[in-house]
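If you want the building blocks of each chain, they are given just below.
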Amino acid sequence: MRHRKGNAKLSKPTDQRLAMLRSIVRSLFIYGHVNVTVTRAKEARRMAEKLITCAKTNDLFSRRKVESVLHDQAVVTNIFKSFPERFEGRAGGYTRIIKIGRRRGDAALLARLELV
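Residues numbered from 1 in each chain as written. Predicted model: local features only at pLDDT ≥ 70, side-chain atom pairs only at ≥ 80, totals over all residues. Heavy atoms only, no water.

- The name an unreviewed UniProt entry assigns to the chain is Large ribosomal subunit protein bL17, from the organism candidate division WOR-1 bacterium RIFOXYC12_FULL_54_18.
- UniProt's Sequence similarities (unreviewed entry) comment on the chain is quoted here verbatim: "Belongs to the bacterial ribosomal protein bL17 family." (UniProt positions renumbered as here; feature names shortened; annotations may be inferred.)

And the structure:
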């Protein structure tokens, strides 16, 4: 039994882990897809889905909440313009993870995290 089901630590201190996940999510929102390891993709998916759900409400509190995570005004403006109508009829599951094989150097499992 997993008590209090926390997040994956990803072998990094908290500040580095959050910075890495913010960077992955920011790249996901800019390019529409990103190739990372499977565990990083699963953690970034959690953050991205929460931000997209928050952006669908489209009020000042939601905008400030998303800005506090992404720290990029241009990306936040783009999210609030395009995502509410793009994911209008969808109640969740805004991203998909596709496993793409192993990395050449260390044989880590890679996945492609993309917006649906």
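And the narrative resumes.
**Looking at the overall build of the chain**
Part 1 of the reasoning: What the chain contains, in helices and strands, is four helices and three strands.
Part 2 of the reasoning: Reading the secondary structure of the chain in the N-to-C direction produces α-β-α-α-α-β-β.
Part 3 of the reasoning: Taking 116 residues into account, the globule formula puts the C-alpha radius of gyration at 13 Å, and the chain, at 15 Å, falls close to it.
Part 4 of the reasoning: Taking the principal axes of the C-alpha coordinates as reference, the chain spans close to 45 × 30 × 30 Å.
Part 5 of the reasoning: Looking at the chain as a whole, 37% of its 116 residues qualify as buried.
Part 6 of the reasoning: Counted over contacts in the chain with a minimum sequence separation of 6, partners at least 24 positions apart contribute 53%.
Part 7 of the reasoning: Accessible surface, the chain: about 7500 Å² in total, of which carbon and sulfur atoms supply 50%.
Part 8 of the reasoning: Put simply, the chain has 26 plus and 10 minus side-chain charges, and the middle of one group is 7 Å from the middle of the other. (Helix = DSSP H or I, 4+ residues; strand = E, 2+ residues; numbered from the N terminus. Rg over C-alpha atoms; globule rule 2.2 N^0.38 Å. Buried < 20%, exposed > 50% of the residue type's maximum accessible area, 1.4 Å probe, protein only. Contact = heavy atoms within 4.5 Å. Areas by Shrake-Rupley, 256 points an atom, 1.4 Å probe, with all protein chains shown as cover. Lys, Arg positive; Asp, Glu negative; His and termini not counted. Charge placed at Lys NZ, Arg CZ, Asp CG, Glu CD.)

**Comments concerning helix 1 (residues 14-31)**
Part 1 of the reasoning: In this model helix 1 runs 26 Å from its N-terminal to its C-terminal C-alpha over 18 residues, within 8% of the 26 Å that 1.5 Å per residue would give.
Part 2 of the reasoning: For helix 1, every residue scored as buried is listed here: R17, M20, L21, I24, V25, S27, L28 and F29.
Part 3 of the reasoning: Buried residues in helix 1 make contact with strand 1 (33-37), helix 2 (38-57), helix 3 (60-70), helix 4 (73-86), strand 2 (95-102) and strand 3 (109-115).
Part 4 of the reasoning: Just downstream of helix 1 lies G32, where phi reads positive at about 90°. (Expected span 1.5 Å × (residues − 1).)

**As for the sheet that holds strand 2**
Part 1 of the reasoning: Strands sit in the order 1-3-2 across an open sheet of three strands; the sheet is antiparallel. Looking at strand neighbours, the two that pair on one side only are strand 1 and strand 2, the edges of this open sheet. Each strand of the sheet is rotated relative to its neighbour by a mean of 25°, with strand direction disregarded.
Part 2 of the reasoning: Docked against the sheet, helix 1 engages strand 1, strand 2 and strand 3, running at close to 150° with respect to strand 1. (Pairing = 2+ DSSP bridges. Axes fitted to C-alpha atoms, helices over the stretch in contact; angles between N-to-C directions.)

**Side note on the pattern of salt bridges**
Pairs may arise between side chains of opposite charge once their charged atoms sit close together.
Part 1 of the reasoning: Counting across every chain of the model gives five salt bridges.
Part 2 of the reasoning: Where D106 meets R103, a salt bridge forms, and the shortest distance between an N and an O atom there is 3.0 Å.
Part 3 of the reasoning: Exposure remark for D106: the relative accessible area of 48% places this residue in the partly exposed category.
Part 4 of the reasoning: Residue classification places R103 among the partly exposed residues on the basis of a relative accessible area of 36%.
Part 5 of the reasoning: Through salt bridges with shared partners, one network takes in R96, R112 and E114. (Salt bridge = Lys/Arg side-chain N within 4 Å of Asp/Glu carboxyl O.)

**Notes on helix 2**
Part 1 of the reasoning: Taking 1.5 Å per residue as the helical rise, helix 2 with its 20 residues ought to reach 28 Å, and the 29 Å between its terminal C-alpha atoms agrees with that figure.
Part 2 of the reasoning: For helix 2, the complete set of buried residues consists of V38, A41, E43, A44, M47, A48, E49, L51, I52, C54 and A55.
Part 3 of the reasoning: In this structure, the buried residues of helix 2 make contact with helix 1, strand 1, helix 3, helix 4, strand 2 and strand 3.
Part 4 of the reasoning: Downstream of helix 2 by a residue or two, N58 has a phi angle that is positive, lying close to 55°.

**A closer look at the nonpolar core**
Soluble globular proteins: nonpolar side chains tend toward being buried together.
Part 1 of the reasoning: Core analysis: the largest hydrophobic core is formed by 31 residues, its most contacted members being V25, F29, L51, L70 and I79.
Part 2 of the reasoning: When residues of this core are traced back to their parent elements, those giving at least two are helix 1, strand 1, helix 2, helix 3, helix 4 and strand 3.
Part 3 of the reasoning: Ranked by residue count, the leading element in this core is helix 2, at nine residues.
Part 4 of the reasoning: With near-sequence residues (within four places) excluded, F29 lies in contact with A48, L51, I52, L70, V75, I79, F83 and L115. (Core = buried A, V, L, I, M, F, W, Y, C linked by side-chain atoms within 4.5 Å.)

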